[in-house]
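This is what each chain is made of:
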Amino acid sequence: MQAEKPLLTLAIPTYNRSGFLTQLLEVLSPQLAKETRVELLISDNSSPDDTPAVVQSFRDKGLSITYKRNETNIGADANFLQCYEMARGEYVWIVGDDDVIVPGGMSQILRVLEKREYDLVGVSGYGFRDAYVPPDPSRLKEKVAIFPKATDYALRVYTGLAFITGNILRKDKIESKPHLNFGDFVETNLIHLSWTYTLLSMEPKCILLRDPLIAIRNENTGGYGTCKVFGKNIRFMIQEVLGEESPVGRALLNRNLQSFLPWATVQDRSGKSIRNLPEDTETILRGLYGKSLRYWVFLWPALKLPLSLAKVWVFLIKVTGRVDRVIGYPLAR
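Since we're looking at a predicted model, the values are computed, not measured.

Caption draft 1: Spatial organisation of the packing of helix 11 (residues 293-304) against helix 12 (residues 307-326). Close contact between helix 11 and helix 12 brings their axes to 8 Å; oriented N to C, the two are set at 150 degrees. In this view, helix 11 runs roughly antiparallel relative to helix 12, as classed from their interaxial angle. Here helix 11 runs over helix 12; the crossing is left-handed. In contact with Val297, Phe298, Pro301 and Ala302 of helix 11, helix 12 contributes Ala310, Trp313, Val314 and Ile317. Class assignment for the residues of the contact of helix 11 with helix 12 results in 8 nonpolar, no polar and no charged.

Caption draft 2: Looking closely at the pattern of salt bridges. Applying the stated criterion to the full structure yields 14 salt bridges. Ionic pairing is found between aspartate 97 and arginine 17, a salt bridge with its closest N-O pair at 2.7 Å. Pair noted here: aspartate 97 is in the loop between strand 4 (91-94) and strand 5 (100-101) and arginine 17 is in the loop between strand 1 (8-14) and helix 1 (18-32), with a separation of 80 residues, a long-range link. With a closest N to O distance of 2.6 Å, glutamate 90 and arginine 170 form a salt bridge. Remark: arginine 170 occurs in strand 8 (residues 167-170) and glutamate 90 occurs in the loop between helix 3 (76-86) and strand 4; sequence separation between them is 80 residues. When salt bridges that share partners are traced, they join Glu90, Arg116, Asp119 and Arg170 into one network.

Caption draft 3: Local environment of helix 1. Helix length check: helix 1, at 15 residues, gives a terminal C-alpha distance of 20 Å against a target of 21 Å (1.5 Å per residue), a fit within 8%. At glutamate 26, helix 1 is deflected by roughly 30 degrees, the largest bend along its length, and proline proline 30 occurs up to four residues later in sequence. Those residues of helix 1 that sit buried are Ser18, Leu21, Leu24, Leu25, Val27, Leu28, Ser29, Gln31 and Leu32. The positive-phi residue at the C-terminal boundary of helix 1 is lysine 34, with phi of around 60 degrees.

Caption draft 4: Examining the pairing of strand 3 (residues 66-69) more closely. Across 4 bridges, strand 2 (residues 38-44) lies against strand 3 in parallel orientation. Bridge assignment links leucine 41 to a residue of strand 3, and that residue is threonine 66. After leaving strand 2, the chain enters helix 2 (residues 51-60) and then returns to the sheet as strand 3, a path that is right-handed.

Caption draft 5: Local environment of a nonpolar patch on the surface. Where nonpolar side chains cluster on the molecular surface, the patch consists of Val312, Phe315, Leu316, Val319, Val323, Val326 and Ile327 and spans about 670 Å² of accessible area. Assignment of secondary structure puts valine 319 in helix 12. Accessibility expressed as a relative area gives 37% for valine 319, which makes it partly exposed.

Caption draft 6: Focus on the environment of leucine 299. Take leucine 299: it is sitting in helix 11. Of the residues examined, leucine 299 reaches a relative accessible area of 0% and is grouped as buried. Taking the C-alpha atoms as reference, leucine 299 lies 29 Å from phenylalanine 147; in sequence the two are 152 residues apart. Discounting chain neighbours no more than four positions away, the residues touching leucine 299 are Leu257, Leu261, Pro262, Thr265, Leu285 and Arg294.

Caption draft 7: A look at unusual backbone geometry. The backbone phi angle of tyrosine 158 is positive, close to 30 degrees, even though this residue is not glycine. Topologically, tyrosine 158 is positioned in the loop between helix 5 (150-157) and strand 8. A residue is classified by how much of its surface remains accessible, and tyrosine 158, at 18% relative accessible area, is buried. With a phi angle near 50 degrees, glutamate 203 is a residue other than glycine that sits in the positive phi range.

Basis of the calculations
- Residues numbered from 1 in each chain as written.
- Predicted model: local features only at pLDDT ≥ 70, side-chain atom pairs only at ≥ 80, totals over all residues.
- Heavy atoms only, no water.
- Axes fitted to C-alpha atoms, helices over the stretch in contact; angles between N-to-C directions.
- Helix = DSSP H or I, 4+ residues; strand = E, 2+ residues; numbered from the N terminus.
- Parallel < 35°, antiparallel > 145°, perpendicular 65-115°, else oblique.
- Left-handed = near helix turned anticlockwise from the far one by under 90°.
- Contact = heavy atoms within 4.5 Å.
- Nonpolar A, V, L, I, M, F, W, Y, C, P; charged D, E, K, R; others polar.
- Salt bridge = Lys/Arg side-chain N within 4 Å of Asp/Glu carboxyl O.
- Expected span 1.5 Å × (residues − 1).
- Bend = angle between axes of the 7 residues up to and from the residue.
- Buried < 20%, exposed > 50% of the residue type's maximum accessible area, 1.4 Å probe, protein only.
- Pairing = 2+ DSSP bridges.
- Right-handed = clockwise from strand over helix to strand, strands pointing away.
- Patch = residues over 30% accessible without salt bridge, like charges linked within 9 Å, V, L, I, M, F, W, Y side chains within 5 Å.
- Areas by Shrake-Rupley, 256 points an atom, 1.4 Å probe, with all protein chains shown as cover.

Here it is in structure tokens:
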């Protein structure tokens, strides 16, 4: 007989980071003790380190793990897709192997999921660099924000949609209707947005858990071009899945131009994105967005002003964004 369908599949794609995976599982294991509603899945992308031994050690301690080890490294996007496809749960949560789900985080999340009221659950977090330090339990007050429309959630979270650990999705809803082949988005570095955007296009019920339930390891990404991924590829995915003229698609593009890309541009100019690949930033972004007024108003000064003035410009943009948020995002809409 087929096992009962889990409420949630917690899937961890991993590659050659057994130390980080160990830390994640050490904090997660007590939270999953005797928890039958959660399927824990680890998709190992042919790690050359001791990842298999780490997984077996936690199995020996009683943690139930579905473990898939690829014969070869199929790439990060394909490994994310494998996690999504293997997930049996009503909801799917793909968690980065370098993030940590804080003590008490799973129980709060499951209390929300078991109500089955929401299709997209955003999970808030905080950053750390060296040693993981759990948050003060008094900070976990089960604060939430509920969004009546998908556009409202997209405006609030925007680039946070690209943070794979930050979103739990109702897979059953995504698969309830025909959709694009998610495999077509392999090599975008954003394949998880293909199913996230698909869900957003279905006008899901959205909630954001505002407590810091995940600890996010800072400065641990890279190996890609910022403009290629968050300028070109993200626009391509919005065009293909949502449509640029849809309310959600338009809101995401506007916030990207108004907030994220100016900030990312100045980060690159400041030398703070040392893990990212060098690019001809102005040529790429002007070719993509040069016909948009927002490019010239928000992004061009961040590209062309002297660096000290560009930093001031980004600060002013941040203030403008906060004001826009308070009054309901009329500028971003």
